[in-house]
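Close look at the chain arrangement
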Amino acid sequence: MLVLIIGIVIFLGIHSVRILAPGFRDRQIAAGEGRWKGIYSLVALVGLVLIVWGYSMARLTAPILYEPPIFMRHINLLLMYFSFVFLVASQMPAGRIKAAVKHPMLLAVKIWAFGHLLANGDLAALLLFGSFLVWAIVDRISVKRRGDMGPKPGPVTWDIAVIVVASILYALFVWRLHLWLFGVPALT
């Protein structure tokens, strides 16, 4: 469990620099944006690797805190579709979806974390998904306080592209990718 916790602290820590130390972040960017992005990416990657490794070990022995009803898995499957839509929207030029939700990546993380908390009742899942949910909520509050109101609406063609790409990715994850990447089938 320690590896998982260290990974979460490193990953969410580097993603929280703008929340906790915006002046430090601004100075690092001013000193060299490429250097800061390199450090940021390396630290985030180390954190992500530790999270994946730590969670894969911890979930095997983590105590069960609650046993979710089976229908929660189905609710999670539905929520994950919307999480994919917002995740893809965050990476594409703004259409109506991206403009409406303002910060689709944060919404995708909140939905992903909440859905997985509904479907998993062990301590490792609570630590992983709970910490990401809390972080995404805090980050959204921080973004709002900074006055970042998101992008202006763009053409609907980007929304169509978002739906198509998200639907394909979602289908691949349900079909096999979730099992291949995380060792757990999406449909059980």
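Below you will find a few notes about this structure. (Residues numbered from 1 in each chain as written. Predicted model: local features only at pLDDT ≥ 70, side-chain atom pairs only at ≥ 80, totals over all residues. Heavy atoms only, no water.)

As a further point, take the overall build of the chain. When its secondary structure is counted, the chain shows nine helices and zero strands. When the helices and strands of the chain are placed in sequence order, the string is α-α-α-α-α-α-α-α-α. Whereas a compact globule of 188 residues would reach a radius of gyration of roughly 16 Å, the chain reaches 18 Å, a difference of no more than 12%. Each of the three principal axes of the chain carries a C-alpha extent, and together these read 45 × 40 × 25 Å. (Helix = DSSP H or I, 4+ residues; strand = E, 2+ residues; numbered from the N terminus. Rg over C-alpha atoms; globule rule 2.2 N^0.38 Å.)

Right, let's get into the side chain of His116. Of note, His116 is situated in helix H7 (residues 104-119). The contact partners of His116, leaving out residues within four places of it in the chain, are Asn76, Met80, Phe129 and His178. (Contact = heavy atoms within 4.5 Å.)

Counted according to the given criterion, the structure contains two salt bridges. Put simply, Arg25 and Asp26 hold a salt bridge, and the shortest N to O gap is 3.6 Å. For Asp26, a relative accessible area of 44% translates into the label partly exposed. Linking Lys37 and Glu33 is a salt bridge whose minimum nitrogen-to-oxygen distance equals 3.3 Å. Separated by four residues within a single helix, Lys37 and Glu33 lie in helix H4 (residues 33-61), roughly one turn from each other. (Salt bridge = Lys/Arg side-chain N within 4 Å of Asp/Glu carboxyl O. Buried < 20%, exposed > 50% of the residue type's maximum accessible area, 1.4 Å probe, protein only.)

The biggest cluster of nonpolar side chains holds 25 residues, and the ones touching the most others in it are Leu4, Ile51, Tyr55, Leu128, Phe129 and Phe132. Among the elements of the structure, helix H1 (2-15), H4, H7 and helix H8 (123-146) are those that each provide at least two residues to this core. For this core, the element with the highest residue contribution is H8, accounting for nine residues. Residues contacting Tyr55, with those up to four places away along its chain left out, are Leu4, Leu50, Ala124, Ala125, Leu128 and Phe129. Among the nonpolar cores identified, the runner-up in size contains 15 residues, and Leu77, Met92, Phe173 and Val174 belong to it. (Core = buried A, V, L, I, M, F, W, Y, C linked by side-chain atoms within 4.5 Å.)

A word on helix H5 (residues 71-90). Across its 20 residues, H5 extends 29 Å between first and last C-alpha, which sits within 8% of the 28 Å expected from 1.5 Å per residue. Met72, Asn76, Leu77, Met80, Ser83, Phe84, Val85, Phe86, Val88, Ala89 and Ser90 are the residues of H5 that are buried. Where H5 is buried, its residues touch helix H6 (96-101), H7 and helix H9 (156-182). (Expected span 1.5 Å × (residues − 1).)

Function cannot be inferred from these measures alone, as they are strictly geometric.
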